[in-house]
Amino acid sequence: MAKKVQIIIKSCDRRVLELEQVKNWLVANGYKLSNNHYSVDKTADIIILTTCGVTQMHEDFTFRMLDRINAGKKPGAEVILGGCVPEINPERTEREFGGPTFSPRSYEKLDQIFNMDRKLCEFERPNLYKMEGLYRSDVGNTLDTVKYVAGLNFRSILRGLRLRATNRKTFYIQIHEGCSMGCTYCAIQKAIGPLRNSKPVDEVISEFREGLEKGYGHFRLIGDCAGSYGRDIGTNLGELLGRISEIGEPFTLELTDINPVFLKVIFEPVKTLCRQKRLSNLYIPIQSGNDRVLGLMHRRYDVAETRRMLLELKEAAPKDFRIGTSVIVGFPSESEEEMRDTADFCNDMAFDWIFCHGFSPRPGTPAADLPDQLSEEEVTARVEEFREMINDKNSVVLDFK
Ligand code: SF4
């Protein structure tokens, strides 16, 4: 009888797409996939959990979920931990989990764990995935899910429904892997590895055309730091977007995870795509609206110039163009005035959504050793203060609660 695998994914869209490849590999090797995405499958022989480790809250969520899985799984079922946490905090993973792990930079470990005829690398990274389960809800039982949804404001529910509806018609193209930007607060780099495997422009264009031929009209280019696309192969995202803007057929496009340091490189082709009414969404994490704090974060862009370019893009874009960002408040030595700069930037831009993270010192990052760290209570208070400073309070998406 085929063994059953439950895959619980609490990760970003890059990891979700990579796990789609893992699913195809498991099925091709005779495994059955659980279709339970809301609670621990008591009939699964193997449970794979992948999570995010970007902040302390995400990491704590991971170990809370492992406790839930171990409490709910059938006796003898194996648990495998994937995603970024095993690389970000290997000591805690060994101490509190101690089971088999893999990460975005070590998928080949799955071949060793499963030891099957067909290898994972024989399978292509798909272009489609179906959103399952609830990203932020503890898997445990349906009551948690109901409590979670009940706690959402109307705008968040609408956003969730819109994401699901868009997901079903989106053709995803992973254009590169890893990141070499060196932001001082970022532990993700440890898990994803350096920038690599940028697909040549012609290859991305032919994948794009493949999506059009299959009847898809909505596309998302994804990468851990999509703005840095092509630096490892002598091209850049500006060249790629220029080619995409020359495609004749109708389509809409989403750009995500664009570090503003690359805005200059992509400005003209993005403006063209805005004028063509083809760019529907842009996610550009500014992290701070203060140049001194950006310097401490090792994010090398100028606030005034970034604001000017983003406002110009909004001007050129159609009314339904949506732009979002993420910010970190409570960064070491950040003053109230400097946080006010971030809020002013966000209010000037009138972002459609703002992921607001309270700074948490991540293991092995330079920012964790910076002087003038704020206490956890101060950081939590800053997050609330920040939301109070934002004109459109419902646009602020707070971190895990
Ligand atoms: S751009 Fe910065 S925050 Fe984003 S993955 Fe790279 S190092 Fe981390």
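Read on for an overview of the structure. (Residues numbered from 1 in each chain as written. Predicted model: local features only at pLDDT ≥ 70, side-chain atom pairs only at ≥ 80, totals over all residues. Heavy atoms only, no water.)

Moving on, we come to the pairing of strand E8 (residues 279-283). Extensive coverage of E8 is indicated by the burial of 5 of its 5 residues. Pairing of strand E7 (residues 252-255) with E8, which is carried by 3 bridges, proceeds in the parallel orientation. Residue pairing in the sheet places Glu-254 in a bridge with Asn-281 of E8. Read from E7 through helix H11 (residues 263-275) to E8, the crossover connection turns out right-handed. As defined by bridge partners, E8 adjoins strand E9 (residues 322-329) across 3 bridges and the pair is classed as parallel. Counted as the bridge partner of Tyr-283 is Gly-324 from E9. (Buried < 20%, exposed > 50% of the residue type's maximum accessible area, 1.4 Å probe, protein only. Helix = DSSP H or I, 4+ residues; strand = E, 2+ residues; numbered from the N terminus. Pairing = 2+ DSSP bridges. Right-handed = clockwise from strand over helix to strand, strands pointing away.)

Moving on, we get to the sheet that holds strand E1 (residues 4-10). Strand pairing in a sheet takes place through backbone hydrogen bonds and is either antiparallel or parallel in direction. Judged by pairing direction, the sheet is parallel, and its 4 strands sit side by side in the order E2-E1-E3-E4 without closing on themselves. Every interior strand has two partners, whereas the edge strands, strand E2 (32-33) and strand E4 (78-83), have only one. Looking at chain direction, E1 and E2 are connected through 2 bridges and run parallel. Bridge assignment links Lys-4 to a residue of E2, and that residue is Lys-32. Packed onto the sheet, helix H1 (residues 13-28) meets E1, E2 and strand E3 (46-51) and runs at close to 175° relative to E1. Its contacts with the sheet place helix H2 (residues 56-72) against E1, E3 and E4, and it is angled at close to 165° to E3. (Contact = heavy atoms within 4.5 Å. Axes fitted to C-alpha atoms, helices over the stretch in contact; angles between N-to-C directions.)

Time to look at H2. With 17 residues, H2 extends 24 Å from end C-alpha to end C-alpha; this agrees with the ideal 24 Å at 1.5 Å per step. Where H2 is buried, its residues contact E1, E3, E4, helix H3 (85-88), helix H4 (90-96) and strand E10 (353-358). (Expected span 1.5 Å × (residues − 1).)

Here we take up the sheet that holds strand E6 (residues 218-222). If you trace the 7 strands from one edge of the open sheet to the other, you get E5-E6-E7-E8-E9-E10-E11, paired in parallel fashion. One side of each edge strand has no neighbouring strand; the edge strands of this open sheet are strand E5 (170-174) and strand E11 (396-398). Pairwise comparison of adjacent strand axes, ignoring direction, gives a mean angle of 15° for this sheet.

Okay, the pairing of E4 next. Burial of E4 is extensive: 5 of the 6 residues sit out of reach of the surface. As paired elements, E3 and E4 share 6 bridges and run parallel to each other. Of the residues in E4, the one forming a bridge with Ile-48 is Ile-80. Each parallel crossover has a hand, and the one from E3 via H2 to E4 is right-handed.

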